[in-house]
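Summary of the model geometry
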Amino acid sequence: MLGSTITAIATPPGSGGIGIIRISGPQALSVLQQIFRPGRPNCRFTPRHLYLGHATTPDGEEIDQVMAVYMPAPHSYTGEDVAEIQCHGGYVVCQEVLAAALAAGASPAEPGEFTSRAFINGKMSLDQAEAVIDIIEAKSSEALKISARQLSGSLSRDITNTADALLDLLAQLEVAVDYPEETDEAALADSTHTAISNALDNVRRLLAQARSGRYYREGVLTAIIGPPNAGKSTLLNALLERERSIVTPIAGTTRDTVEEYYLLNGLPLRLVDTAGIRDTDDPVERFGVERSRQALADADLILLLLDGSRPLDAFWRDLLLAHRHRPLLVILNKSDLPVDAATTAELAALCPDAPLLTLSARTGGGMEELRRAVWDKLLLNASGESLSGLINDRQKAALLAAEDALIAADQHFELFFDAGLLSIDVQTAWQALAEISGRAAAEDVIDRVFQRFCLGK
Amino acid sequence: MTVLADKNESDVFIAGEYDVAVIGAGHAGCEAALAAARLGLSTLLLTMSMDSVAMAPCNPSIGGPAKGIIVREIDALGGAMAEVTDRTQIQIRLLNTGKGAAVQAMRAQIDKKAYQRDMLGVLQRQPHLDIKQGEATDILTTDGAVSGVRMRTGAVYHCRRLIITSGTYMKGQVIMGSCAYPSGPAGYPPAAYLSDSLRALGFAMGRFKTGTPARVDKNTLDFSRMQEQPGDTSGLHFAYRDQHADRPNISCWLTQTNAETHRAILDNMDRCPLYSGLIKGVGPRYCPSIEDKLRRFPNNPHHQLFLEPEGLDTNEYYVQGMSTSLPEDVQYAFMRTIPGLENVKIIRPAYAIEYDFLYPTQLKRTLETKLIAGLYTAGQINGTSGYEEAAGQGLLAGANAALSLLGREPLVLGRDEAYLGVLIDDLVTKGVTEPYRMFTSLAEYRLLLRSDNADARLTERAYRLGLTSEDAYRRLQAKQQAVQQEKNFLTATAIRADDPNLRQLLADLAMPQLDQGIRAWELLRRPGINYAALCRILGHTPAPTEIAEQLDIEAKYDGYIKKQLAQVERAKALESKPLPTGTDYTAISGLSLEARQKLTAIQPENLGQAGRITGVSPADIAVLLVWLRQKQEQRPVSEN
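Residues numbered from 1 in each chain as written. Chains lettered and ligands numbered in written order. Predicted model: local features only at pLDDT ≥ 70, side-chain atom pairs only at ≥ 80, totals over all residues. Heavy atoms only, no water.

Quick look at the pattern of salt bridges
Residue and element names in this part refer to chain B. Summed over the entire model, instances satisfying the criterion amount to 48 salt bridges over all chains. R271 is the partner of D329 in a salt bridge, and the nearest nitrogen-oxygen pair spans 2.9 Å. Here D329 is found in helix 9 (residues 328-335), whereas its partner R271 is found in the loop between helix 6 (259-266) and helix 7 (273-276), with 58 residues between them in sequence. Here R271 falls in the partly exposed class, since its relative accessible area comes to 35%. Among the salt bridges present, the one from D558 reaches R525, with a minimum N-O distance of 3.5 Å. (Salt bridge = Lys/Arg side-chain N within 4 Å of Asp/Glu carboxyl O. Helix = DSSP H or I, 4+ residues; strand = E, 2+ residues; numbered from the N terminus. Buried < 20%, exposed > 50% of the residue type's maximum accessible area, 1.4 Å probe, protein only.)

Describing the nonpolar core
Counting residues in hydrophobic clusters, the biggest one holds 123 residues, and the most contacted among them are L77(B), M119(B), L123(B), L162(B), L198(B), L411(B) and L420(B). The element contributing the most residues to this core is helix 10 (residues 387-405) of chain B, with 11 residues. In this view, M119(B) contacts C30(B), E31(B), L34(B), A54(B), A80(B), M81(B) and V84(B); residues no more than four positions away in its chain are not counted. Counting residues in hydrophobic clusters, the runner-up holds 34 residues, among them L170(A), L206(A), L422(A) and V103(B). (Core = buried A, V, L, I, M, F, W, Y, C linked by side-chain atoms within 4.5 Å. Contact = heavy atoms within 4.5 Å.)

What to know about the domain arrangement of chain B
Residues and elements named next belong to chain B. When cut into domains, chain B gives domain 1 (16-211 + 354-464), domain 2 (215-352), domain 3 (470-563) and domain 4 (576-634). Summarising the inter-unit geometry, the C-alpha centres of domain 1 and domain 4 are found 31 Å apart. Between domain 1 and domain 4, the residue contacts involve 8 residues of the former and 7 residues of the latter. A combined buried area of about 710 Å² lies between domain 1 and domain 4, and 44% of that area is made up of carbon and sulfur atoms. On the domain 1 side of the interface with domain 4, the three residues burying the most area are R365, T429 and K430, jointly 62% of the side's total. Scanning the region where domain 1 abuts domain 4 turns up 2 salt bridges. The partner of R365 in a salt bridge is E605, with the nearest N and O atoms 3.1 Å apart. One can count 4 residue pairs in polar contact (both at pLDDT 80 or more) joining domain 1 with domain 4. Of the residues contributing to the side of domain 1 that touches domain 4, the split by class is 1 nonpolar, 2 polar and 5 charged. (Domains from an automatic or database assignment. Buried area = accessible area lost by both parts, 1.4 Å probe. Polar contact = N/O pair within 3.5 Å; in protein donor to acceptor, adjacent residues only side chain to side chain. Nonpolar A, V, L, I, M, F, W, Y, C, P; charged D, E, K, R; others polar.)

Things to note about the side chain of D81(A)
All names here are of chain A. Summarising the element assignment, D81 is placed in the loop between strand 5 (62-71) and strand 6 (82-88). One buried charged side chain, D81, makes no salt bridge at all; its nearest oppositely charged neighbour is R48, positioned 9.2 Å away. For D81, the side chain forms a polar contact with the side chain of Y70, separated by 3.5 Å. (Lys, Arg positive; Asp, Glu negative; His and termini not counted.)

Quick word on helix 4 (residues 112-125) of chain B
Residues and elements named next belong to chain B. Helix length check: helix 4, at 14 residues, gives a terminal C-alpha distance of 20 Å against a target of 20 Å (1.5 Å per residue), a fit within 8%. Taken across its 14 residues, helix 4 has 10 buried, putting it largely inside the fold. Considered for burial, the residues of helix 4 that qualify are K112, A114, Y115, Q116, D118, M119, L120, G121, V122 and L123. The distance from a side-chain oxygen at the start of helix 4 to the backbone nitrogen of K113 is 3.2 Å, and the residue carrying that oxygen is D111. (Expected span 1.5 Å × (residues − 1).)

Side note on the confidence of the model for chain A
All names here are of chain A. Predicted confidence across chain A gives a mean pLDDT of 76, with 72% of residues reaching 70 or more. No element of chain A has a lower mean pLDDT than helix 5 (residues 141-151), at 59, and none a higher one than helix 1 (residues 28-35), at 93. Low pLDDT, under 50, characterises residues 242-257; the predicted model gives this stretch 29 contacts beyond four residues in sequence or across chains. Segment residues 381-386: pLDDT under 50, and 5 contacts once partners within four positions in sequence are set aside and those in other chains are kept. (pLDDT = per-residue confidence, 0-100.)

Some thoughts on the pairing of strand 9 (residues 155-164) of chain B
Residue and element names in this part refer to chain B. Extensive coverage of strand 9 is indicated by the burial of 8 of its 10 residues. As paired strands, strand 1 (residues 13-23) and strand 9 are joined by 9 bridges and run parallel to one another. Note that in strand 9 the partner of G16 across the bridge is Y157. Relative to strand 9, strand 8 (residues 145-151) is paired through 3 bridges, and the arrangement is antiparallel. Bridge pairing in strand 9 places G148 opposite H158. (Pairing = 2+ DSSP bridges.)

Let's talk about the sheet that holds strand 12 (residues 205-212) of chain B
Working definition: the strands of a sheet are paired by backbone hydrogen bonds and lie parallel or antiparallel to each other. Residue and element names in this part refer to chain B. If you walk across this open sheet you meet the 4 strands as 11-10-19-12, and the pairing is antiparallel. The open sheet has two edge strands with one neighbour each: strand 11 (179-182) and strand 12. Each neighbouring strand pair of the sheet contributes to a mean axis angle of 25°, computed without reference to strand direction. In terms of strand pairing, strand 10 (residues 173-176) meets strand 11 through 4 bridges, oriented antiparallel. Bridge assignment links I175 to a residue of strand 11, and that residue is A180. (Axes fitted to C-alpha atoms, helices over the stretch in contact; angles between N-to-C directions.)

Listed below in structure tokens is the structure:
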């Protein structure tokens, strides 16, 4: 156990229903006793029982009516003695309870310190620690489910199996290095080649999952484009009207690209309304246009909304041509006027791969088709094969490194067979995989994992 | 009346004073004494017998896979083993020639007596070095630091640094069948007291076993029934300085055991001290006795054995692969079933020997003991096996003892710099459970640690420390310049696609013709094309072999070398994280129980070393990383 007792507000800043102040370390109980006055006297703090009472300053001055719980080591989140106080969620109240805990002898926790203590105390593995962040940051319940699965170690298992196979292979190569005259090179080359191909397949499968994982975790960046008055805002509003489950304004966006979250059957879409995308001479407007163009360039999915009763103009025709190989859906907004047959034909010719959808933003008709089209476009596995874990940037980078090394190993066979050289690539691949699950330690890995934590976790 | 004592307790006198004293003049002791003396320190080398200096009591060969690279490292660091081998070898070969550069190594058969005489000459010519005969019995300390050594006869030598290289002599016991008696190797007396002195100082000591096969009379061997193993005739040599020694080339001979041999051994297994319990020490797995091989590989119908000459002017042949502790009559019975050995006469029977060693996790990476300042150990006392492993440790122990007196940085080699770095790191970090022998696979960066580049890896550093001559350094520089010049030439030279010599070469190699011209250097990168062939099509006079070798390797392995360097860099991140000394790891509950115990006992210097401790997993290292980080964040007491 690390000597000091730490404390922090464990709930997000701002007003909420309740706020939780977490205290962890050998003095947790003592701190709790100093700042919590139980409703009934002679409270003995039975482990993991909730007690009603009042939070006070160490001098006995009342702060708020609260609930308190004490969880002695090792059966707590950090594996240390932990006490938690649930107070009313106002900013000031939380700060005052925290100040009381600090005054009672606790020191302020660093970001991620609770989790890193849990890690040091053997309560969770590296990828499980990482999953904790993913859960905190999860944008949808589907993402949450996948992260929870990762917390239980299924990503580890997938990667560990592949890494173990490579380790076995390394052992065989080492024998060949020590006893070259006793090695059947042809047989070893054969079995090695097979093992490397299998590992490469596994890594590629995980990489494919990485893409889906990112969609679930960060949301699909979806650019809604189209000429003015085609009904973009109506579409946006219709979407948001129907499912208001997550509507989070993203900090840092300006008014010219409005970003909203829309949950499409568990898949979070980050909708960007690029209203200003149009040639313009207005210098003020041009800035907005640049942003919109950037959003369009970065988009995972482009929804082009057109008024079906009008012919295409040159600007949109060029734009369609430029983006027709990207994940693009063309949506004809059903206005009162009939769809222009020439336009439909032109669209089909311009981008044969883009499905043509019709939608009535007013009645909401066509949403189911839209969902299916999005699924197909993003190549998501709609059959519900469970992703073994959200794969984040760190894990993805490691998978890519493993893929590179395995490709190099695979190509090795085209030239000649040298067990000693091959083992270099296999070692690199193994190292990369082992780092994902924390079976090989590297400092930058630890950095990347624990730096993502916020205060109070 | 005077009572005679086994060990003199009364006639104690001060016999001399030295900076560095070395106990034992085997391969480790010789290099240790030479290194200390080369650094200008007054050095004393103690040997139980002047006749056993630099003795090779087991096989008559130096080098082999990985070991041969160690010999070259010793040479690059200014040691003597390579040069003495070159002057006394009677056969030399390059092993694994068909394999990659990383696994190639040389092995020489030596004339054992000539080797000893030559090494003795090197020692006697070395300034600042005295050699004395006698048995060291006691290590003298003052305030926890070494102050001297006492001999059995009562002579005391004061010294500021003491290096023990006791080989298999400490409480040595020879075992053959049901017979066991105190003895050092090859009939020399054992060191009866020295390990008691180490125990009294608080060192944990263990017992290992090793063995050596019989020496047989050449006149009783029928070579016509064996397969000849001739040596290389291209002038191979271990030392980077070619002495152009004109050496004989004597063949070794290969034969093998059969079902009858195995029956003769298995029928007498009850007489084997290893299985009857007489031998208590742990033996090496990789150099097993013939009875061990039969137990472990019951399905092998044959086991190979090599007949190797012990020297030019002796009839003795060493029976490589037939180490045994079975009694002499059984040795006769099974050997005479082997083709070519039907009428064999044994000159020296095979025997096993048990001896005391010091658990090497009690050492720092300088080979100084953690317990007694100024006390160093090297060679078999550290649980290793092999002349080369011993000599390398001796050199580093001698150099570090001297460097510490000179107040200079120690010479600690990384795992990416030398096999010797791997060897010592393994010893002090992982410890030993059986005699440690160097293998290629033990070096994770083996492509960097080649036989051809030990000079590039180590010579400059040795020169700066004063361990090797300016000559050696200049020679290295000249070699590297020549390589660069030749590479520049090849990079600048273009070959046309329709060059008839090129077309012929590609046709000969069954390779597709080129449709456009190519730089010579690029052509060299292709598998199957070597520098010699390239020179032929260019009509270019080839550079000497050692230059050609560098060009071939650089062209072919460049990509892999870069990858290996990247791995080294990655590992360095952990090597550069120091761990506080005196840490009680038992309090970190996220560590596995075994890791907590091992880390507390070994007290690794950094995270990289910690990760190599057996029983410390990467998950443990991750825990230590986070723990270290939290220790560093010594946050001030809160004020809010």
